[in-house]
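# Descriptive analysis of the structure
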Amino acid sequence: MPFVYIMKRIYLGADHAGYNLKEKIKKYLLENGFVTDDLGTYSEKSVDYPEFGVKVAKEVVKDKRSLGIIVCGTGVGISIAANKVKGARAANLSDEKTAALVHEHNDANILAFGARVITFPKAKKLIEAFLKAKPNKVARHKRRVKQLNKL
Ligand code: RB5
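Here the structure is a predicted model, which means the values were calculated and not measured.

Close contacts around the ligand come from Asp15, His16, Ala17, Tyr49, Cys72, Gly73, Thr74, Gly77 and Arg116, and that covers them all. Gly73 has a polar backbone atom sitting 2.8 Å from an oxygen atom of the ligand. One nitrogen or oxygen atom from the main chain of Thr74 is found 3.0 Å from an oxygen atom belonging to the ligand. Here the ligand, which alone exposes 290 Å², has 73% of that area covered by the protein. Tallied by class, the residues present in the shell around the ligand amount to three nonpolar, four polar and two charged.

Here we take up helix H1 (residues 19-31). Taking 1.5 Å of rise per residue, 13 residues should cover 18 Å, and H1 covers 18 Å from first to last C-alpha, within 8% of that figure. Every buried residue belonging to H1 is among Tyr19, Leu21, Lys22, Ile25, Lys26, Tyr28 and Leu29, and all of these are buried. On its buried side, H1 packs onto strand E1 (9-14), strand E2 (35-38), strand E3 (67-72), strand E5 (110-114) and helix H5 (120-132). Positive phi shows up at Gly33, right after H1, with a value of about 85°.

Before going further, it helps to examine the environment of Val76. For Val76, the location among the structural elements is in helix H3 (residues 76-82). Between the C-alpha atoms of Val76 and Val145, which are 69 residues apart in sequence, the distance is 21 Å.

A few words now on the nonpolar core. In globular proteins that are soluble, nonpolar side chains generally tend to be buried together. If you look at the biggest cluster of nonpolar residues, it comprises 25 residues, and the most contacted ones within it are Ile25, Leu29, Ile69, Leu93, Leu111 and Phe113. Sorting the residues of this core by element identifies E1, H1, E3, helix H4 (96-104), E5 and H5 as the ones contributing at least two each. With six residues, H5 is the largest single contributor of residues to this core. Within the second largest apolar cluster, 17 residues are counted, among which are Val47, Val56, Ile78 and Ala90.

Here the focus is the sheet that holds E1. The parallel open sheet is built from five strands, whose spatial order is E2-E1-E3-E5-E4. A single partner strand is all that each edge strand has here, and the edge strands are E2 and strand E4 (90-92). Pairwise comparison of adjacent strand axes, ignoring direction, gives a mean angle of 25° for this sheet. Across five bridges, the pairing between E3 and E5 is parallel. The residue bridging Val71 from the neighbouring strand is Phe113, located in E5. Across the sheet, H1 touches E1, E2, E3 and E5, and the angle it forms with E1 is around 165°. The strands that helix H2 (residues 49-62) touches are E1, E3 and E5; relative to E3, the one it contacts most, it runs at about 175°.

Take the packing of H1 against H5 next. Between H1 and H5, the least distance of the axes is 10 Å, while the angle of their chain directions is 50°. Here H5 runs oblique to H1, going by the angle between their axes. Taken as a pair, H1 and H5 cross one another with a handedness that is right-handed. Along the contact surface, H1 presents Leu21, Lys24, Ile25 and Tyr28, while H5 presents Phe120, Ala123, Lys124, Ile127 and Glu128. Residue composition of the contact of H1 with H5, by class: six nonpolar, no polar and three charged.

Conventions adopted
Residues numbered from 1 in each chain as written. Predicted model: local features only at pLDDT ≥ 70, side-chain atom pairs only at ≥ 80, totals over all residues. Heavy atoms only, no water. Near = heavy atom within 4 Å. Polar contact = N/O pair within 3.5 Å; in protein donor to acceptor, adjacent residues only side chain to side chain. Areas by Shrake-Rupley, 256 points an atom, 1.4 Å probe, with all protein chains shown as cover. Nonpolar A, V, L, I, M, F, W, Y, C, P; charged D, E, K, R; others polar. Helix = DSSP H or I, 4+ residues; strand = E, 2+ residues; numbered from the N terminus. Expected span 1.5 Å × (residues − 1). Buried < 20%, exposed > 50% of the residue type's maximum accessible area, 1.4 Å probe, protein only. Contact = heavy atoms within 4.5 Å. Core = buried A, V, L, I, M, F, W, Y, C linked by side-chain atoms within 4.5 Å. Pairing = 2+ DSSP bridges. Axes fitted to C-alpha atoms, helices over the stretch in contact; angles between N-to-C directions. Parallel < 35°, antiparallel > 145°, perpendicular 65-115°, else oblique. Left-handed = near helix turned anticlockwise from the far one by under 90°.

Written out as structure tokens, the structure reads:
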């Protein structure tokens with residue numbers, strides 16, 4: 001990773017469709033000095049994505065300095081589940097510009113990926129684009145994130 005970023009535990013979760021991409025992301029994060037906590041699933045055996053989206057979201061909301069990364073086939077189902085947890089701000093990502101903007105404008109605390117939509121090299125680029133950006137402290141963004149957190 002071409003930058004230093006002090007954080008934060010990264011909670012990982014995936015269903016069976018996201019399992020392989022989640023494993024590659026975990027290896028990449030560990031190689032780059034991040035602390036990860038893998039909340040499953042732990043094989044390609046079929047499971048239901050809501051459980052894993054919610055597990056990660058609950059931990060991220062409790063642990064304010066943490067980040068979540070969740071993976072299913074499209075990134076959609078697992079992010080819908082995560083966003084049911086109060087305080088979770090999960091963003092399903094497929095392009096770098098959005099990856100940076102969800103950090104700057106939405107202070108996203110969970111990144112969702114679709115393993116059937118993006119490749120591992122793309123996921124790395126999206127994670128790096130997110131981490132290089134910082135939440136924008138201007139009043140309007142802070143106000144909107146505060147409104148999200150009340151929902
Ligand atoms: C599982 O086949 C698939 O439906 C799931 O991974 C996800 O894409 C749902 O949104």
